[in-house]
Amino acid sequence: MITVENLAKSFYGPKRTVVKAVDGVSFECRPGEIFGLLGANGAGKTTLLRMLSTIISPTSGRATVDGYDIVEQPAEVRQNIGFLSTTTALYQRLTAKETIQYFGRLHGLSGRNLRDRTAEVIELLGIAEYANRLCDKLSTGQKQRVGLARTILHDPPVLFFDEPTAGLDVLASQTVMEFIEERREVGKTVVFSTHIMSEAERLCDRIAVIHAGRLAAIGTLDELRSLTGKDRLEAVFLQLVQEVV
Amino acid sequence: MKGWWSIYRKELLEFARDKRVLFSAIVGPLLVEVLIIGIFGYVFRAVETEQRYVLFVNDMAAAAPMLEPLRVSKRFTVAELPRDADIDAVLKAQVTDVVLVFPPDFAARSKAGERPEVELYSDPNEQTSQIAAGVVADALDTFRATERGRRLQARNLDPEAFEAFSLVQRAAKTGEAFGGSMLSSFLPYLIIIWAFYGGFSIVSDLVAGEKERGTLETLLVSPVSREAIAFGKFLALATVSLVATISALLGVVAMGVSKLEITETMFDGSVHMSLGSVVAVVLSLLPLIVFFAASLLALSTIARNQREVQGYLSLASFLVLIPAMMSQFIGYTDAATSKWIAFVPVLNTATVLRQALLEKVDYRTLAITVGLSALLASLALLLVVHLFRKESVLFRT
């Protein structure tokens, strides 16, 4: 479960101007739900996810992840989340298996528990064939599978996916999307950020349209269609964004 | 601070698979020390025993008895100065190293007991010319002393009666220096350089590289605290710097114990070191390595990318190189015993290393050096932790 109340983040831009990357965003995301953050590049999606995963602190507002406050209990939040984005990479000189185990150790797994979980996720994601190959030698799709494996190794109840299919081919994208759908089926709370309309349409139970750091609307796809009177998500999105501007 | 051990272990595993690290932290320091000592040893030995010189003389008959020691040593080729030769020109053209000129009436005046003037020309800009001039002057001095004695004895006078005193040079028992004075002057510099440069190959990768590749974000999203991340990375860098330093020291010891002919001049003392000196070396080097590692890691954290780190490292090199280089010349001044030396970072460690090699450790200097390096290391570590807590630094890409 994720609750976000009036969350905001400002940065200093050129010549000390204040840039509001996220401006008073509020929403809730429930277990077994894929909550979509739909927005253009620079809309504030990544900043929002970075705040929720406690990598950066909010300027104002409040949020809890799995019941833990992101400002007061950051370590507990990080223990209960899995985070994957296109910008997160793998260590080139570690094998796929070593990478998965490394992140397992960072999440407090050890001994038999670590070995068993590693074997499980390697099996689940079909990594066995190249588990002992250096990440440097893996294809983009294989790397993304390893990234997914390290994200779920500690079995977190909350998962953040920040444009996880960007740069992937169709087959690799399918794998990622199927994987995210499976996470929903096992009751995980999933926040999925994207700017690709078809992905949002396919995956998201509810969608938050975000633009210039502000929330334009939240709802199911049908709710957003009725709100704008448009049918295609692309048209819905454009109308909502224009209203924010 | 859970998790630092996992980060430390992972960094070391990556380093072990990186050929650059293996070369720059293990093979490089060892090889460079062996090469430098070998090359310097060869050069000094050549200067002392193998270098050949050319001496032009205008009067071979007059010079022959005087230059007998040079003929015996076989290091001089004595040739007649061509008639009408321009002495400055032949020296400048390096046709000869020195020129010895006798006056035309030398034999007659000498026989008459007079004191004719003999001229010895050398090129003040050429070291070989200066060395050759010194050797020829020594031979002439020896001949003059013998001739003076002969003349006095011919007059029934005791030559020793004309000497105010006799001089005997003896070596004081100040302890056996490791390798001798030559090595002790530049060894501290070489060791400190490796303590600093040992981590160069990995430092830009440690934080700035992770920012660039996007792996840092993955690390920051784990439950491990930022202090633990900083500490694990710092410790990995310090380990590599320590390995590089030990490797450099092993290179020196290997050359010392191998007792090669070419390094005889470098190891004119023993290769033995007292336990006290070994302790002084370890005590002075460890906090310096920690200081270097923490400072380099701070630069890698501040930088946006690996290229920016390289720029910072170039500037930082000067701050280390200058005091480290000064240590090579400190033995030629009274600064080696000055109290202020202990308060100059890097130079103080070099001084302690030099003292340890010469078996003359000053414990006050050692205590101040260790204390100051430890203080600087602590400040640099605090800076790294502070930087890791600043999101603005970690997301500057």
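Here, every reference points to the structure presented above.
In what follows, the accompanying structure is described. Owing to the predicted nature of the structure, the values given are computational and were not obtained by experimental measurement.

Calculation rules
Residues numbered from 1 in each chain as written. Chains lettered and ligands numbered in written order. Predicted model: local features only at pLDDT ≥ 70, side-chain atom pairs only at ≥ 80, totals over all residues. Heavy atoms only, no water. Helix = DSSP H or I, 4+ residues; strand = E, 2+ residues; numbered from the N terminus. Polar contact = N/O pair within 3.5 Å; in protein donor to acceptor, adjacent residues only side chain to side chain. Contact = heavy atoms within 4.5 Å. Buried area = accessible area lost by both parts, 1.4 Å probe. Salt bridge = Lys/Arg side-chain N within 4 Å of Asp/Glu carboxyl O. Nonpolar A, V, L, I, M, F, W, Y, C, P; charged D, E, K, R; others polar. Buried < 20%, exposed > 50% of the residue type's maximum accessible area, 1.4 Å probe, protein only. Pairing = 2+ DSSP bridges. Axes fitted to C-alpha atoms, helices over the stretch in contact; angles between N-to-C directions.

1. Considerations on the side chain of Ser-204 of chain B
Residue and element names in this part refer to chain B.
Okay, so step 1: Within the secondary structure, Ser-204 is located in helix α9 (residues 200–213).
Okay, so step 2: Looking at Ser-204, its side chain comes within polar contact range of the side chain of Gln-306, at 3.4 Å.
Okay, so step 3: Other than its neighbours up to four places away in sequence, Ser-204 contacts Gly-209, Ser-300, Gln-306, Val-309 and Gln-310.

2. What about the interface of chain B and chain A?
Okay, so step 1: Taken residue by residue, the interface counts 27 residues in chain B and 30 residues in chain A.
Okay, so step 2: Regarding the contact of chain B and chain A, the summed buried area is about 2600 Å², with carbon and sulfur atoms giving 56% of it.
Okay, so step 3: It is Glu-217, Val-221 and Pro-223 of chain B that lose the most area in chain B upon contact with chain A, and together they represent 25% of the buried surface on that side.
Okay, so step 4: In this structure, the connection of chain B to chain A is made through 4 salt bridges.
Okay, so step 5: Among the salt bridges present, the one from Arg-50 of chain A reaches Glu-217 of chain B, with a minimum N-O distance of 2.8 Å.
Okay, so step 6: One can count 10 residue pairs in polar contact (both at pLDDT 80 or more) joining chain B with chain A.
Okay, so step 7: Contributions of two or more residues to the side of chain B that touches chain A are made by α1 (4–16), α9 and α10 (215–220) of chain B.
Okay, so step 8: Residue contributions to the side of chain B that touches chain A peak at 6 residues, all from α1 of chain B.
Okay, so step 9: Of the residues belonging to the side of chain B that touches chain A, the class tally is 8 nonpolar, 7 polar and 12 charged.

3. Looking at helix α1 (residues 45–52) of chain A
All names here are of chain A.
Okay, so step 1: Most of α1 sits out of view: 6 of its 8 residues are buried.
Okay, so step 2: If you check which residues of α1 are buried, you get Lys-45, Thr-47, Leu-48, Leu-49, Met-51 and Leu-52.
Okay, so step 3: Just beyond α1, the residue with positive phi is Thr-54, at close to 65 degrees.

4. Examining the sheet that holds strand β10 (residues 214–219) of chain A
Residue and element names in this part refer to chain A.
Okay, so step 1: Pairing is mixed across the open sheet formed by 6 strands, whose spatial order is β6-β7-β8-β3-β9-β10. The sheet terminates laterally at β6 (81–85) and β10, the two strands that pair on one side only. Averaged over all neighbouring strand pairs, the angle between strand axes comes to 15 degrees, with direction disregarded.
Okay, so step 2: Pairing of strand β7 (residues 158–162) with strand β8 (residues 189–194), which is carried by 5 bridges, proceeds in the parallel orientation. Along β8, the bridge assignment pairs Phe-161 with Phe-192.
Okay, so step 3: Contacts from helix α5 (residues 140–152) reach β6 and β7 within the one sheet, and its direction differs from that of β6 by about 160 degrees.

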